[in-house]
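What follows is the residue order along each chain.
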Amino acid sequence: MKLGIPGEIQRIIGKETYCLDKVGMSGSEVRIYDNHVLKIEPQNEETDNAYAITKWLNHQLPVPTILAYCVKNDIAYTLMSKVGGKMLCAGEYLKDPEQLIKIAAQGLKCLWEIDVTECPYQSSRLMKRLEAAEYNVMHGLVDLDNVEPETFGPNGFRNPEELLKWLKNNRPDEDIVFTHGDYCLPNIFVTGSKINGFIDIGKMGPADRWQDVAIAIRSLTANLAGRYSDGKKICDFNPQMFLDELGIDYNGEKYRYYLLLDELF
């Protein structure tokens, strides 16, 4: 993609070389420099939220520092500090499922310690998420190639419109905590057993805790089954191990609901 990097950002990165991130599934272009990360994507509520929520957090969580945020011709350029360490889906962590589960739970507990009572940014709340989902459905933005096989079809919903209607009619009560919004293993960077930082923070904010718990269980299940690596199964993941680390009970209704909601993004 030929892009004219805004001068404010070009002055910071100088002549640093970069490689493109091939792991993420957001559809944005992510350039990895020696000391910086530049994310390039159409401006939307999430790009604005990532910038705003980072300022509001004021170092309460290990998230990238946003060094510059520019919008040019409806394209958002977000230049961030580079988070050190390895993704939690790295082989060394997958080979030790017990440690992996502990670290993933530790990260959620860290998020839940943030006081959301005065957080001014509410785009992560269920009502706003359903509005965003409706926009995606109405504008044909649902990526049907990346949904779970059982979501649509003979034993699922006929189409995204039917799923959206079901989500609107079956809203669960919200148990509000501070959430990541896309709490999967590639979005958690770790050194040893220490979390260095969370990335892809555009959906961060107050929401039901199962927004993150459901995505985390799906990510742990898929990664330990070898779905995203060489196909070599590590183990059968038992979600109860994760829930025990979190100290919460299983909620099948919310687990299903938040996984289905995620299908529309």
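Residues numbered from 1 in each chain as written. Predicted model: local features only at pLDDT ≥ 70, side-chain atom pairs only at ≥ 80, totals over all residues. Heavy atoms only, no water.

Caption draft 1: Broad picture of the overall build of the protein. Looking only at helices and strands, one finds nine helices and ten strands in the protein. A compact globule built from 265 residues should have a C-alpha radius of gyration of about 18 Å, and the protein, at 18 Å, falls within 12% of that. Overall size of the protein, expressed as C-alpha extent along the three principal axes, is 50 × 45 × 40 Å. The buried share among the 265 residues of the protein stands at 48%. Long-range contacts, defined as pairs at least 24 residues apart, comprise 72% of the intrachain contacts of the protein with a sequence gap of at least 6. If you sum the accessible surface of the protein, you get close to 13800 Å²; carbon and sulfur atoms cover 48% of it. Taking the 29 positively charged and 39 negatively charged side chains of the protein as two groups, their mean positions are separated by 4 Å. (Helix = DSSP H or I, 4+ residues; strand = E, 2+ residues; numbered from the N terminus. Rg over C-alpha atoms; globule rule 2.2 N^0.38 Å. Buried < 20%, exposed > 50% of the residue type's maximum accessible area, 1.4 Å probe, protein only. Contact = heavy atoms within 4.5 Å. Areas by Shrake-Rupley, 256 points an atom, 1.4 Å probe, with all protein chains shown as cover. Lys, Arg positive; Asp, Glu negative; His and termini not counted. Charge placed at Lys NZ, Arg CZ, Asp CG, Glu CD.)

Caption draft 2: Summary view of the pairing of strand β5 (residues 75-81). For β5, a buried count of five out of seven residues is recorded, marking the element as mostly surrounded by other parts of the structure. In this structure, strand β3 (residues 36-42) lies alongside β5, joined through seven bridges in antiparallel fashion. By the bridge assignment, V37 is partnered in β5 with M80. In the sheet, strand β4 (residues 66-72) pairs with β5 via six bridges, with the strands oriented antiparallel. Bridging from a neighbouring strand, C70 pairs with Y77 of β5. Here β4 hands over to β5 after two residues, with N73 in that stretch at a positive phi of 55 degrees. (Pairing = 2+ DSSP bridges.)

Caption draft 3: The sheet that holds strand β6 (residues 86-87), seen in detail. Pairing in this open sheet of three strands is antiparallel, and the strands run β6-β8-β9 from one edge to the other. The open sheet terminates on both sides in strands that have one partner only, identified here as β6 and β9 (194-198). Bridging between strand β8 (residues 188-191) and β9 involves four bridges; their strand directions are antiparallel. Along β9, the bridge assignment pairs F189 with G197. Most of the contacts of helix α4 (residues 97-112) go to β9, to which it runs at about 55 degrees, and overall it touches β8 and β9. (Axes fitted to C-alpha atoms, helices over the stretch in contact; angles between N-to-C directions.)

Caption draft 4: Structural view of α4. A rise of 1.5 Å per residue sets the reference length of α4, with its 16 residues, at 22 Å; its end C-alpha atoms lie 23 Å apart and thus fit the reference within 8%. What α4 keeps buried is the set L100, I101, I103, A104, A105, G107, L108, L111 and W112. Looking at the packing, one finds that the buried side of α4 touches α3 (91-94), β7 (176-179), β8, β9, α7 (209-224) and α8 (239-246). (Expected span 1.5 Å × (residues − 1).)

Caption draft 5: Representation of the packing of aromatic side chains in the model. In total, this model carries ten aromatic pairs according to the counting rule given. When the centroid spacing of 5.2 Å and the interplanar angle of 20 degrees are considered together, the rings of Y51 and Y69 count as stacked. Of the two residues, Y51 is situated in helix α2 (residues 45-57) and Y69 in strand β4; the sequence distance between them amounts to 18 residues. Relative to Y258, the ring of Y257 has its centre 5.4 Å away and its plane inclined at 75 degrees; by these criteria the two rings are edge-to-face. When its relative accessible area of 1% is taken as the criterion, Y257 is described as buried. Put simply, the rings of F157, W166, Y257 and Y258 pair up and form one aromatic cluster. A cation over a ring is seen here: R129 above F265, with NZ or CZ 4.0 Å from the ring centre. (Phe/Tyr/Trp six-rings, centres within 6.5 Å; stacked < 30°, edge-to-face > 60°. Lys NZ or Arg CZ within 6 Å of the ring centre and 35° of its normal.)

Caption draft 6: Focus on the environment of V190. Locating V190 in the fold gives a position in strand β8. By relative accessible area, which is 1% here, V190 ends up buried. Remark: the alpha-carbon pair of V190 and P206, spanning 16 residues in sequence, is separated by 24 Å. When near neighbours in sequence (up to four residues on either side) are disregarded, V190 contacts G85, K86, L88, Y93, I103, I195 and N196.

Caption draft 7: Focus on the packing of helix α5 (residues 126-138) against helix α6 (residues 160-169). Relative to each other, α5 and α6 sit at 165 degrees, their axes nearing to 10 Å. Considering their axes alone, α5 and α6 lie roughly antiparallel with respect to each other. For the crossing formed where α5 meets α6, the hand is left-handed. On α6, the residues that touch L130, A133, E134, V137 and M138 of α5 are P160, E161, L164, L167 and K168. (Parallel < 35°, antiparallel > 145°, perpendicular 65-115°, else oblique. Left-handed = near helix turned anticlockwise from the far one by under 90°.)

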